[in-house]
Amino acid sequence: MSSLPSRPTVLDPAVSPLMKGGGGDDAASPLAKGGYGDPPVSPLTKGGGCDASIGLPPQSRSAPLVKAGGAQALSASQSPPHSRFDRFIESPWLPLAVAGLAMALALPSLRAGWIADDYIHRAKMIGAPRFEGLLGPRTELFRFFDGDPDHTRQLMDIGLLPWWTDLDIRGAFWRPVTVATHRLDYALWPDSAALMHAQSIFWLGACVAIVALVFRRFLEPRVAALAALLYAIDDARGMPVGFLANRNALVATFFGALAILAHDRWRRGGSVLNAPAAVCALALSLLSGEIGIGAMAYLAAYAAFIDRGPIARRWGAIIPYCGLVVVWRIAWSALGYGIHGVGPYVDPLAEPLRFAGEALVRAPALLLGQWFFPPADVTMLMSPQQTWVYAGVALVLLTGLGVVIVRGLPWARQAGFWAMGMALALPPVCATFASDRLLSWVGIGGAALLAQFLVGAARATRLPTRVLRKTLIVIHLVIAPIGLALRAAYPAGPPAIHEAVLVRTPLPPEVESQDLILVNAPSAFHAGFLPLMREVERRPVPRHTRVLAPALPSVTIRRTGATTLEIRPSSGYLSWVFDRLFRSREKDFRPGDRIRLTGMDVEIVECLPDGRPLVVRFTFAVPLEDASLRWLQWTAGEFVPFAPPTVAQTITLTPDAPPLF
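Attention in this report is confined to the structure presented alongside it. (Residues numbered from 1 in each chain as written. Predicted model: local features only at pLDDT ≥ 70, side-chain atom pairs only at ≥ 80, totals over all residues. Heavy atoms only, no water.)

1. Some words on the overall build of the protein
Then, number 1: For the protein, the count of helices and strands is 21 helices and 15 strands.
Then, number 2: Across the 661 residues in the protein, those meeting the buried criterion constitute 59%.
Then, number 3: Considering only residue pairs separated by 6 or more positions, the protein has 76% of its internal contacts joining residues 24 or more positions apart.
Then, number 4: Of the roughly 25400 Å² of accessible surface on the protein, a fraction of 64% belongs to carbon and sulfur atoms. (Helix = DSSP H or I, 4+ residues; strand = E, 2+ residues; numbered from the N terminus. Buried < 20%, exposed > 50% of the residue type's maximum accessible area, 1.4 Å probe, protein only. Contact = heavy atoms within 4.5 Å. Areas by Shrake-Rupley, 256 points an atom, 1.4 Å probe, with all protein chains shown as cover.)

Written out as structure tokens, the structure is:
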């Protein structure tokens, strides 16, 4: 049994506004230090007890508190009386209040509709005859590519996948708990996207409420309340609540936070039933989404900074969780789940060196998105070379940020817990492209540290600390809630961009006997959803859909024969992250490589030094003017009819892209 007390003592906070506190650069009073620093030592915390700053709102306020260093004792009778605000932030209503606020800010998501992977879910749940047997069963909503070359080839032939897709591509995730929530949607309201989003909003509220309880276990009440508020209104919650297929992040975080709470109750001397309850909660988290592994970051940090007693006993307490993760990972692989050939994704165990290289670039972008600005998602618009530059700039900014924050945040044991949890939660989410939607676990430690800094630096005198504090207040308490509402409403990004990359051109019924040829598309990923979207919406679907080349910045087209085009994008193929979704960067093309699809052959004519195609020849089974081919090109943010050039003619398409592009 741990030597941790069940209710560790903390200082009674001074009656003041939520972020009023002491410390930072000032020499604060014992009361002011209660927000973040190394607290005075009480009789309950002497002799191996828990750090005073890590517990729940104390029940032992009458115990005398002795200032470290032998200063004058401060009895409970000298403590200021509780205000109504203090009683509220210590009441059971606070977690519900911050959860309600987060849910209110997420209400715009009710109009977000279905996007991207949601259409794959719909095709599986309501049926899509054209894709029968290719997308997997209803119980496997997150098995997108099964690694079967025959299935992949058929999806390429239909047009859901572009011609450059790796035939061995596999992208399958084991998320049965989250799948159950989606199946509930389709059982109760299969045609109402709004009600499906309402369930996601519920999970957001549940996630925020349970995280608020975690903060209460380890933070002084006012700091815990501020941390809960910061987490609740963080715009990083926007995409998980607004994108139905990303609900798994909320569900996994909810159960993972339950595991941390149960573990803490067990280690503080609560019922031994809390131990198996914590293991079960972690299992549910892992089976909700791979992001649930983030709970292990805080369980490890707990052993390092919170748990007391012999090292073997502290670290031995997390052995059951480690064993569970090992069993989960073995089962995950044995059941055919995993990633292969999905460009931006990397399996840390299968490709450790590549993962390490990606993490060096992605981790700084994610941390900058958590603490400052801009969102990590901006890296999706950058080339690989630009992301390295961005990572370097981010590291410089984060270093400066860290120096100022550490000066205003004395390194108490409790602060180490949050910092270690945040740091350990970062590597797992570096397994895919950087995006704020991945910050649900990183954000827990980030919100706690930020709250401690904002309270602790309230009376700071140094200019850098004061400027940083005010800047962070504006970012996290003013801009963030606005961002949450906007990102919940538009999880796929600004409408001007999202709508522009989709094929919204009206198509007549006769398109079912035609091949739709998209000469240039700003995103092959988004354009590829055309057949799936039209299928589930019961509209005419092209016989085949073909994306020939990227649209931006320009593409040169030369007609070399009656049935042949040669296309040269100015930046080559696979230059954008979404175009690389279907092929690993490690799997190069070579001149002479051929891909055969129904009615069209693709030949690689010339490649760039990095193995990406530069010039590609497309040979059709019929002349390009044949009525069985319907041609579209992208310009000015939409797809419009296109007339193929004449034989021997060369043209260059430079789209008049919308401003945000």
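2. Details of unusual backbone geometry
Then, number 1: That bond from Phe 373 to Pro 374 is cis: its omega, 5°, falls within 30 degrees of zero.
Then, number 2: Here Pro 374 is to be found in the loop between helix H14 (352-371) and helix H15 (384-407).
Then, number 3: Note that the residue after Leu 552, namely Pro 553, is joined by a cis bond; omega there is 0°.
Then, number 4: With respect to the helices and strands, Pro 553 occurs in the loop between strand E7 (544-550) and strand E8 (555-561).
Then, number 5: A positive phi is found at Ala 116, a non-glycine position, where the angle reads about 45°.
Then, number 6: Tracing the backbone shows Ala 116 in the loop between helix H2 (93-105) and helix H3 (117-126).
Then, number 7: Residue Ala 116 is classed as buried on the basis of its relative accessible area, which comes to 19%.
Then, number 8: Phi angles above zero are rare outside glycine, and Leu 574 is one such case at about 60°.
Then, number 9: The exposure class of Leu 574 is buried, given its relative accessible area of 9%.

3. Observations concerning the nonpolar core
Then, number 1: Judged by nonpolar contacts, the single largest core of 119 residues is most densely connected at Phe 215, Leu 282, Tyr 298 and Trp 418.
Then, number 2: Among the elements that make up this core, the one with the highest residue count is helix H6 (residues 193-218) (13 residues).
Then, number 3: Look past the residues within four positions of Tyr 298 in its chain and what remains in contact with it is Ile 260, Phe 417, Trp 418, Gly 421, Met 422, Ala 425, Trp 441, Val 442, Ile 444 and Gly 445.
Then, number 4: Ranked by size, the runner-up nonpolar core spans 87 residues in total, among them Ala 123, Phe 525, Phe 529 and Ile 604. (Core = buried A, V, L, I, M, F, W, Y, C linked by side-chain atoms within 4.5 Å.)

4. A look at the sheet that holds strand E5 (residues 338-340)
Then, number 1: Spatial ordering of the open sheet is given by E3-E4-E5, a layout of 3 strands whose pairing is antiparallel. Since the sheet does not close on itself, it has two edges, and those belong to strand E3 (143-146) and E5, each with one partner. The mean inter-strand angle of the sheet, taken between neighbouring strand axes irrespective of direction, is 25°.
Then, number 2: Taken together, the 3 bridges between strand E4 (residues 170-172) and E5 define a ladder with antiparallel strand orientation. Bridging across to E5, Gly 171 finds its partner in Ile 339. (Pairing = 2+ DSSP bridges. Axes fitted to C-alpha atoms, helices over the stretch in contact; angles between N-to-C directions.)

5. Things to note about the pairing of strand E15 (residues 650-653)
Across a regular strand the side chains alternate sides, sitting on one face of the sheet and then on the other.
Then, number 1: Covered by surrounding structure in E15 are Ile 651 and Leu 653 only, the residues Thr 650 and Thr 652 on the alternate face being uncovered.
Then, number 2: Summarising the sheet, E8 and E15 pair through 4 bridges and their orientation is antiparallel. Paired with Ile 557 across the bridge in E15 is Ile 651.

6. Let's talk about empty space enclosed by the protein
Then, number 1: Counted according to the given criterion, the structure contains 5 cavities of 30 Å³ or more.
Then, number 2: Roughly 80 Å³ of volume is contained in the largest cavity.
Then, number 3: Examining the composition of the lining of the largest cavity, we find that 3 residues originate from one element, E7, more than from any other.
Then, number 4: Considered class by class, the residues forming the lining of the largest cavity number 8 nonpolar, 3 polar and 1 charged. (1 Å grid on protein atoms, 1.4 Å probe; cavity = no way out; pocket = protein on both sides within 12 Å on 5 of 7 lines; lining within 4 Å. Points joined across faces, edges and corners; volume = space filled by probe spheres on them. Nonpolar A, V, L, I, M, F, W, Y, C, P; charged D, E, K, R; others polar.)

7. Some words on the pattern of salt bridges
Then, number 1: What the rule picks out here adds up to 31 salt bridges.
Then, number 2: Residue Asp 347 pairs with Arg 329 through a salt bridge whose shortest N-O separation is 2.7 Å. With Asp 347 in the loop between E5 and H14 and Arg 329 in helix H13 (residues 319-334), the pair connects residues that are 18 residues apart, well separated along the chain.
Then, number 3: With relative accessibility at 8%, the residue Asp 347 sits in the buried group.
Then, number 4: The class for Arg 329 is partly exposed, based on a relative accessible area of 21%.
Then, number 5: A salt bridge links Arg 617 to Glu 603, with the shortest nitrogen-to-oxygen separation between them at 3.0 Å. Here Glu 603 lies in strand E11 (residues 600-607) and Arg 617 lies in strand E12 (residues 613-620), a separation of 14 residues in the sequence.
Then, number 6: With relative accessibility at 23%, the residue Arg 617 sits in the partly exposed group. (Salt bridge = Lys/Arg side-chain N within 4 Å of Asp/Glu carboxyl O.)

8. A word on the pairing of strand E6 (residues 515-521)
Then, number 1: For E6, the buried fraction is high: 7 of the 7 residues fall into the buried class.
Then, number 2: Where E6 lies against E7, 6 bridges are found, and the strand directions are parallel. Following the sheet pairing, Ala 521 is matched in E7 by Pro 550.
Then, number 3: Two strands pair when backbone bridges link them, and E6 and strand E13 (residues 629-635) are joined in this way by 4 bridges, in the parallel orientation. In the sheet register, Ile 517 faces E13, and the bridge partner there is Trp 631.

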